[in-house]
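Remarks on the overall topology
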Amino acid sequence: MILRKEYWFEAAHFIYNHPGKCRNLHGHSYKLFVLLEGQVNPETGMIIDFDDLSKVVVEQVISKLDHRFLNDLIPLSTAENISVWIWEQLKPSLPQLCQIEVYETTDNCVIYRGA
């Protein structure tokens, strides 16, 4: 079974080597989907409690990215590199992590399933 939870964060960045307007400082309302795959625990009826998942995601990712300048953490802050950074923050605490989706805009998304 796959569990999927949605999060949001606001952040600014620029892509220093971009040939177009993304070279300039700008911001996005990012949407993040975190997906875990696993067996349902017969005692709890869940893969993981949504509150427990949110504690990890908020502490490890959202609190570090929301209303921040992404280039301070991820120098080449493309959606692809942001997704890898998020994966690296979450995977140690969430071994059932199977996929993340990072939406930079409503119609631009990167899906990452780990290296």
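Located above this text is the structure these notes cover.
Residues numbered from 1 in each chain as written. Predicted model: local features only at pLDDT ≥ 70, side-chain atom pairs only at ≥ 80, totals over all residues. Heavy atoms only, no water.

To continue, consider the pairing of strand S2 (residues 26-37). With twelve bridges joining them, strand S1 (residues 2-13) and S2 adopt antiparallel strand pairing. If you follow Glu10 over to S2, its bridge partner there is Ser29. Relative to strand S4 (residues 97-105), S2 is paired through six bridges, and the arrangement is antiparallel. Looking across to S4, one finds that Leu35 is bridged to Gln99. (Pairing = 2+ DSSP bridges. Helix = DSSP H or I, 4+ residues; strand = E, 2+ residues; numbered from the N terminus.)

The next point concerns helix H2 (residues 79-90). Its twelve residues place the ends of H2 16 Å apart at the C-alpha level, agreeing with the 16 Å of an ideal helix rising 1.5 Å per residue. What H2 keeps buried is the set Ala79, Ile82, Ser83, Trp85, Ile86, Trp87, Gln89 and Leu90. Where H2 is buried, its residues meet S2, helix H1 (50-65), S4 and strand S5 (108-112). (Expected span 1.5 Å × (residues − 1). Buried < 20%, exposed > 50% of the residue type's maximum accessible area, 1.4 Å probe, protein only. Contact = heavy atoms within 4.5 Å.)

One finds Leu32, Val34, Leu53, Val57, Ile86, Leu90 and Leu94 to be the most contacted residues of the largest nonpolar core, which totals 28 residues. Elements with a contribution of two residues or more to this core: S1, S2, H1, H2 and S4. Among the elements that make up this core, the one with the highest residue count is H1 (six residues). Dropping the residues within four chain positions of it, Leu90 is found in contact with Val34, Val56, Val57, Gln60, Val61 and Leu97. (Core = buried A, V, L, I, M, F, W, Y, C linked by side-chain atoms within 4.5 Å.)

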